[in-house]
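Chains, contacts and geometry: an overview
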Amino acid sequence: MARRLGTGPTSGVEVDDNCIQSYIKLQLQHSSQFIIYRLSDDKKRIIVDKIGPVGCTYDNFVSELQNAGSKGEGRYGVFDFNYTVKERIVNKIVFFLWIPDTIQVKQRMLYSSSVRALKTRLPGIHIEMQCNDDSDLAQSNLLQRCLERGYD
């Protein structure tokens, strides 16, 4: 069986419709600052874990990810990121895969093998960040990534 390059194994996890609906609202209406997704308790679906209202900070978003990590869980997230380039505000939607090095191997494998199912259902992602420890989540890393991509 032929496989396209760049496609890895998938876990068979499905994406809940609410994930897409909440993302479209964030993308088109900027109705929230961030969305955090998680695997359902039965590990068969990706569901919305938390929606951060407009005005939440990047630190609020990071704190939610870190809380999940401290429970031994990974997360997916999108953040509506604003930054300034040449005295003008730029807005980009950033996708995060949070798989801390400290969580169990089975949990890491499940999150990494299911990420494609979610990403392909979320159109308009500008930047992707894979973060494995707290230093990866630093806002300076996010800003550097945006500037490297030439989004100005």
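Residues numbered from 1 in each chain as written. Predicted model: local features only at pLDDT ≥ 70, side-chain atom pairs only at ≥ 80, totals over all residues. Heavy atoms only, no water.

1. Points about the UniProt feature "domain: ADF-H" (unreviewed entry) in the protein chain
Annotation from UniProt places "domain: ADF-H" (unreviewed entry) at residues 12–147. Between the C-alpha atoms that bound residues 12–147 there is a distance of 35 Å. The span itself is 37% helix and 34% strand. (UniProt positions renumbered as here; feature names shortened; annotations may be inferred. Helix = DSSP H or I, 4+ residues; strand = E, 2+ residues; numbered from the N terminus.)

2. Some details on the pairing of strand 6 (residues 127–131)
A one-sided burial pattern is seen for strand 6, the buried positions being I127, M129 and C131 and the unburied ones E128 and Q130. Sheet topology note: the strand 5 (residues 88–98)/strand 6 ladder contains five bridges and is parallel. Following the sheet pairing, L97 is matched in strand 6 by Q130. (Buried < 20%, exposed > 50% of the residue type's maximum accessible area, 1.4 Å probe, protein only. Pairing = 2+ DSSP bridges.)

3. A closer look at helix 1 (residues 17–29)
The end-to-end C-alpha distance of helix 1, which contains 13 residues, comes to 18 Å, matching closely the 18 Å that a straight helix rising 1.5 Å per residue would cover. Taken together, the buried positions of helix 1 are C19, I20, S22, Y23 and L26. Buried residues along helix 1 sit against strand 1 (14–15), strand 2 (32–39), strand 3 (45–53), strand 4 (75–85), strand 5 and helix 3 (105–119). Two or three places before N18, at the opening of helix 1, D16 has a side-chain oxygen 3.0 Å from that residue's backbone nitrogen. The first or second residue beyond helix 1 is H30, which carries a positive phi of 50 degrees. (Expected span 1.5 Å × (residues − 1). Contact = heavy atoms within 4.5 Å. Polar contact = N/O pair within 3.5 Å; in protein donor to acceptor, adjacent residues only side chain to side chain.)

4. Quick look at the nonpolar core
Counting 21 residues, the largest nonpolar core has Y37, I46, Y76, V78, F95 and L118 as the members making the most contacts within it. Contributing elements (two or more residues each) for this core: helix 1, strand 2, strand 4, strand 5 and helix 3. For this core, the element with the most residues is helix 1, which contributes four residues. Apart from residues lying up to four places away in sequence, I46 is in contact with V13, E14, V15, D16, C19, Y37, R38, L39, Y76, S114 and L118. Counting 20 residues, the second-largest nonpolar core is a separate cluster that includes L65, F79, V90 and C146. (Core = buried A, V, L, I, M, F, W, Y, C linked by side-chain atoms within 4.5 Å.)

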